[in-house]
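Listed here are the chains, written in short residue letters.
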2 protein chains.
Amino acid sequence: MLDFKLLKRDARTKARAGLLQTDHGTVRTPVFMPVGTRGSVKAVEQRELLEINAQIILGNTYHLFQRPGVEVLRNLGGLHSFISWPRPMLTDSGGFQILSLSELRKLTKDGVEFRSHIDGAYHFFTPEKIIEVERQIGADIIMVLDECPPYPAERDYIAKSVELTHGWAMRCKESFLNSNPLYNYNQYLFGIVQGGTHLDLREKSAMQLIDADFDGYAIGGLAVGEPAEEMYRATNHVTDILPEDRPRYLMGVGTPENLLEAVERGVDMFDCVMPTRNGRNAQIFTSNGVLNIKNAIYKFDESPLDPSCDCHTCKNYSRAYLRHLFNVGEILGLQLASLHNLRFFISLMEQMRLAIIEDRFVEYKEEMLAKMDKKKKEEI
Amino acid sequence: MLDFKLLKRDARTKARAGLLQTDHGTVRTPVFMPVGTRGSVKAVEQRELLEINAQIILGNTYHLFQRPGVEVLRNLGGLHSFISWPRPMLTDSGGFQILSLSELRKLTKDGVEFRSHIDGAYHFFTPEKIIEVERQIGADIIMVLDECPPYPAERDYIAKSVELTHGWAMRCKESFLNSNPLYNYNQYLFGIVQGGTHLDLREKSAMQLIDADFDGYAIGGLAVGEPAEEMYRATNHVTDILPEDRPRYLMGVGTPENLLEAVERGVDMFDCVMPTRNGRNAQIFTSNGVLNIKNAIYKFDESPLDPSCDCHTCKNYSRAYLRHLFNVGEILGLQLASLHNLRFFISLMEQMRLAIIEDRFVEYKEEMLAKMDKKKKEEI
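The structure displayed is predicted, hence computed values, not measured ones. Along each chain, the written sequence defines residue order, and numbers are assigned to residues from 1. Numbering of ligands from 1 and lettering of chains from A proceed in the order in which they are written. Only residues with pLDDT of at least 70 are given local features in this predicted model, and only at 80 or more are side-chain atom pairs given and counted; all residues enter the totals for whole chains, interfaces and linings.

**Focus: the packing of helix 6 (residues 127-137) of chain B against helix 7 (residues 155-177) of chain B**
Residue and element names in this part refer to chain B.
Okay, step 1: All axes here are fitted lines through C-alpha atoms, helices being fitted over the stretch that makes contact, and every angle between N-to-C directions spans 0 to 180 degrees. Starting at the N terminus, helices and strands are each numbered in turn, a helix being any DSSP run of H or I of at least four residues and a strand any DSSP run of E of at least two. At a closest axis distance of 8 Å, the pairing of helix 6 and helix 7 adopts a crossing angle of 45 degrees. Considering their axes alone, helix 6 and helix 7 lie oblique with respect to each other. For the pair helix 6 and helix 7, the sense of crossing is right-handed. On the side of helix 6, the interface is formed by Pro 127, Glu 128, Ile 130 and Ile 131, while helix 7 contributes Trp 168, Arg 171, Cys 172, Ser 175 and Phe 176.
Okay, step 2: Charged residues are taken to be Asp, Glu, Lys and Arg, nonpolar residues to be Ala, Val, Leu, Ile, Met, Phe, Trp, Tyr, Cys and Pro, and polar residues to be all remaining types, Gly included. For the contact of helix 6 with helix 7, a count of residues per class yields 6 nonpolar, 1 polar and 2 charged. Orientation is classified from the angle alone, with under 35 degrees giving roughly parallel, over 145 giving roughly antiparallel, 65 to 115 giving roughly perpendicular, and any other angle giving oblique. For any pair of crossing helices, the crossing counts as left-handed if the nearer helix is rotated counterclockwise from the farther one by less than a right angle, and right-handed if it is rotated clockwise. Working definition of a contact: two residues with C-beta atoms, positioned from the backbone, lying within 7 Å.

**Focus: the interface of chain A and chain B**
Okay, step 1: On the chain B side, the residues contacting the 31 residues of chain A number 31 residues.
Okay, step 2: For the side of chain A that touches chain B, the secondary structure elements donating two or more residues are helix 3 (70-75), helix 4 (79-83), helix 13 (319-328) and helix 14 (331-357) of chain A.
Okay, step 3: With 6 residues, helix 13 of chain A is the single largest residue contributor to the side of chain A that touches chain B.
Okay, step 4: For the side of chain A that touches chain B, a count of residues per class yields 15 nonpolar, 9 polar and 7 charged.

**Things to note about the domain arrangement of chain A**
All names here are of chain A.
Okay, step 1: Per the annotation, domain bounds derive from an automatic or database assignment of domains. On domain assignment, one finds that chain A holds domain 1 (3-271) and domain 2 (279-360).
Okay, step 2: On a C-alpha basis, the centres of domain 1 and domain 2 stand 28 Å from each other.
Okay, step 3: With 24 residues of domain 1 at the interface, the matching set in domain 2 holds 19 residues.
Okay, step 4: Elements with a minimum of two residues in the side of domain 1 that touches domain 2: strand 1 (3-9), strand 2 (16-22), strand 4 (31-33), helix 1 (46-51) and helix 10 (256-264).
Okay, step 5: At 4 residues, helix 10 tops the list of elements feeding residues into the side of domain 1 that touches domain 2.
Okay, step 6: Considering only residue class, the side of domain 1 that touches domain 2 consists of 16 nonpolar, 1 polar and 7 charged.

**Points about the sheet that holds strand 9 (residues 122-125) of chain B**
Sheet strands line up and pair through hydrogen bonds in the backbone, either parallel or antiparallel.
Residues and elements named next belong to chain B.
Okay, step 1: Paired strands, in this sense, are two strands between which DSSP finds at least two bridges. Pairing is antiparallel in the open sheet, where 3 strands are placed in the order 7-8-9. At either end of the open sheet lies a strand with only one pairing partner, and these are strand 7 (103-108) and strand 9. Ignoring which end each strand starts from, the neighbouring axes of this sheet average 15 degrees apart.
Okay, step 2: Inspection of the sheet shows strand 8 (residues 111-115) paired to strand 9 by 4 bridges, in the antiparallel sense. Note that in strand 9 the partner of Arg 115 across the bridge is Tyr 122.

**Description of the pairing of strand 6 (residues 89-92) of chain A**
Taken residue by residue, a regular strand's side chains alternate between the two faces of the sheet.
Residues and elements named next belong to chain A.
Okay, step 1: Exposed residues have 12 or fewer other C-beta atoms within 10 Å of their own C-beta, buried residues have 20 or more, and partly exposed residues fall in between, where C-beta atoms are placed from the backbone. Residues Met 89 and Thr 91 of strand 6 are buried on one face, and the alternating residues Leu 90 and Asp 92, pointing to the opposite face, are buried as well.
Okay, step 2: Sheet topology places strand 5 (residues 57-60) next to strand 6; 4 bridges connect them, and they run parallel. Looking at strand 6, one finds that Leu 58 is bridged to Leu 90.
Okay, step 3: Bridge count between strand 6 and strand 10 (residues 141-143): 2 bridges; the pairing is parallel. Paired with Leu 90 across the strands is Ile 141, a residue of strand 10.

**Regarding the packing of helix 13 (residues 319-328) of chain B against helix 14 (residues 331-357) of chain B**
All names here are of chain B.
Okay, step 1: Between helix 13 and helix 14, whose axes approach to 7 Å, the crossing angle comes to 130 degrees. Here helix 14 runs oblique to helix 13, going by the angle between their axes. Seen from above, helix 13 lies across helix 14 with left-handed handedness. For the pair helix 13 and helix 14, contact is made by Leu 322, Leu 325 and Phe 326 and by Leu 332, Gly 333, Leu 336 and Ala 337, respectively.

**Some remarks on the relation of the copies chain A and chain B**
In this structure, two copies of a chain are linked by a rotation about an axis accompanied by a shift along it.
Okay, step 1: Least-squares superposition aligns the copies on the C-alpha atoms of those residues with pLDDT at or above 70 in both. Between chain A and chain B, the superposition needs a rotation of 180 degrees and an axial shift of 0.0 Å, giving an RMSD of 0.0 Å. Here the copies are linked by what is in effect a two-fold axis. Within chain A, Ile 331 of chain A has its C-alpha nearest the rotation axis, a separation of 4.1 Å.
Okay, step 2: Most of the interface of chain A is mirrored in chain B: 100% of its interface residues are interface residues there too.

**Digging into the confidence of the model for chain A**
Okay, step 1: The predicted model of chain A averages 96 in pLDDT, with 98% of residues at 70 or higher.
Okay, step 2: For this predicted complex, the interface confidence score (ipTM) comes to 0.97, while the overall pTM stands at 0.97. Think of pLDDT as the predictor's per-residue confidence, scored from 0 to 100.

**Quick notes on the sheet that holds strand 2 (residues 16-22) of chain B**
Residues and elements named next belong to chain B.
Okay, step 1: The 3 strands lie next to each other as 1-2-3, forming an open sheet whose pairing is antiparallel. Strands at the two margins of the open sheet, each flanked by one partner only, are strand 1 (3-9) and strand 3 (25-29). Taken pair by pair, the neighbouring strands of this sheet meet at an average axis angle of 15 degrees, ignoring direction.
Okay, step 2: Pairing analysis gives 5 bridges linking strand 2 to strand 3, with the strands arranged antiparallel. Directly across from Leu 20, in strand 3, lies its bridge partner Val 27.

**Side note on the pairing of strand 15 (residues 283-286) of chain B**
All names here are of chain B.
Okay, step 1: As paired strands, strand 15 and strand 16 (residues 289-292) are joined by 4 bridges and run antiparallel to one another. Bridging across to strand 16, Phe 285 finds its partner in Val 290.
Okay, step 2: With antiparallel pairing between neighbouring strands as the criterion, strand 15 and strand 16 make up a hairpin whose turn holds 2 residues.

**Examining helix 7 of chain B**
Residue and element names in this part refer to chain B.
Okay, step 1: One less than the residue count of a helix, multiplied by 1.5 Å, gives the span that helix is expected to have. A rise of 1.5 Å per residue sets the reference length of helix 7, with its 23 residues, at 33 Å; its end C-alpha atoms lie 33 Å apart and thus fit the reference within 8%.
Okay, step 2: Of all the positions in helix 7, only Ile 158, Ser 161, Val 162, Leu 164, Thr 165, His 166, Trp 168, Ala 169, Cys 172, Ser 175 and Phe 176 are classed as buried.
Okay, step 3: Against the buried residues of helix 7 lie strand 7, helix 6, strand 11 (188-193) and helix 8 (199-212).

**Quick notes on unusual backbone geometry**
Note on backbone geometry: most residues besides glycine have negative phi, and most peptide bonds are trans.
Okay, step 1: Of the consecutive residues Thr 29 of chain A and Pro 30 of chain A, the connecting peptide bond is found in the cis state with omega at 0 degrees.
Okay, step 2: Tracing the backbone shows Pro 30 of chain A in the loop between strand 3 (25-29) and strand 4.
Okay, step 3: Between Val 253 of chain B and the following residue, Gly 254 of chain B, the backbone shows a cis peptide bond with an omega angle of 0 degrees.
Okay, step 4: Note that Gly 254 of chain B resides in the loop between strand 13 (248-250) and helix 10 (256-264).
Okay, step 5: A positive phi is found at Asp 359 of chain B, a non-glycine position, where the angle reads about 60 degrees.

**Notes on the environment of Phe 65 of chain B**
All names here are of chain B.
Okay, step 1: If you trace the backbone, Phe 65 turns up in helix 2 (residues 61-66).
Okay, step 2: Put simply, Phe 65 and Phe 96 are 31 residues apart on the chain and 14 Å apart in space, counted from C-alpha to C-alpha.
Okay, step 3: With sequence-adjacent residues up to four places away left out, Phe 65 is seen in contact with Val 70 and Val 133.

Here you go:
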């Protein structure tokens, strides 16, 4: 069983600070996990990830299965070794990507048949197959196969999807118990709670998974278009049910505001492409809100992207230089913006964690929301 | 006058090892200068350039004049400050780019009128204007305005071009003497020898420039399509004429082979986009020749790009990982390949310099040419 210790629970909210132990090191929660879908966090180099204190990064089973493929990963000693990443990793099962990217997908009780969006090849992913692939990839934390329904969807569809996902989760669990890691370290399996924004379906899904006893519990199927309040409500309901002594992971979330709200509701782990994707589109996250660095007002601006940031970009380069790099289309702009945005997200989590430990989480959260909101209004 | 000391002249060839002093530090020659056309060496970050021992980098006057423009550069304290580069810089005048990129260009005795390839705006660059712009950019070494004729061109055209370029060079020199640096360090002006592959025109151009007494002398108008032997012959003829106590810079050159041959003929400085441009196209320079990292033979290859290379890429990543990054189109592939290729070029220069100092330049050159050629044959 995954070693997860709660160091502190906030007295006024459900926020928690914990320690999650893996064979590749300790993860201090709450934590933001940069997304390295295909074995690279886009435009950021591995030593830069270490520098900004990325504690754990993601890979994606669907993408890695296709390229480079499990044969390469097995031969190169697994994903850690292949990409030279010494710290913990987590792989999503790729359920979401199969449904959003692949063609001609067909869901059955047995699994999902799909055509690759890369080469058109047919594949059939069963729960057993996913565990086999995740063993070959070799992340420290691996996820069960799930179906992530779109938003909005009929209640009936979601109810059936919860049943399907639960059946798959049980088979993933069994397959996990009946197999061993391929490399010299442990792997842990997380279940994924589904159920859309229906609290009763969420509850049913969570209870079933808890019965099966997973190393940790993810909340999936949110941040797919529903209003933020619905996401918070569903998250809050699920964390009320989940066991205190297991980590909770809210998948694919989110904005800095989302992170503050979800930590308050008892979530420990997050991943999102937003810092890198938005960074590549010149959207810069700062403690005073978001800025578009291509804006003409930064033409002569000698100040760093975020004066309160400790990242390499902010310590060495001006807004004027970043604006220039984006204007002329230099790759360095993507690199420096992605690095900064990731550091902003990671730093936000570090500050939340410290605030929890120092009994001032609510104050910290209110202060951050006010600062970020203020800037937004200034720009409007 | 630029402080340039020759530490060693090879007894058997014209190869030299020198020290070039600028207010931003010392440059050990022979030297390869990475090209940072628009204020960034493509896909490589400034601290990485320091790490691979890039001693001096280039900027381009034509490009920087257009974006970010001299107003920004003046306000941000010049190009060094704007891009956070602490070491020496050199700006090309942009003569080559005006002729190759801009539209509706019109050459007159007074200068060159052209339409920007970015926004279509009309500009008139006179020699005086170029010096003014290069003062505002603020590189340590700046180049005169020249015309770089295409290859092949009629002898008459080249003869007239040499006259035009010489007239411009004299006006640049005068304008340089009648102006001052804008920032708190010295700038030095290099003349550019033209004349195509005609040795008598090269000689005339060189003699005229020597009379005008420049801080250093560039050899321009080569590596534009002529056979390598023609380039070596013209280079050799010019370095026979140029004063021993001034640095010689062969513009836009070249392949590792070109560098070995030109150093043997007495050249001290080089610049070329090849390491970064080819790197972005998956072409990797190694001590055993060039490899295309997308090739299927590297699919399972755990070895570094070049086992004898000391760069961060080679110390941390496998050929299999680089191949994967290029196959899936990850930006990190461009970063790691560019970093390695630049280090290969810089390391080659460092090794040549050491060989000159240790009286074994000819042996080193022959050994390197043989190794690089061997690999080429293997791949065929």
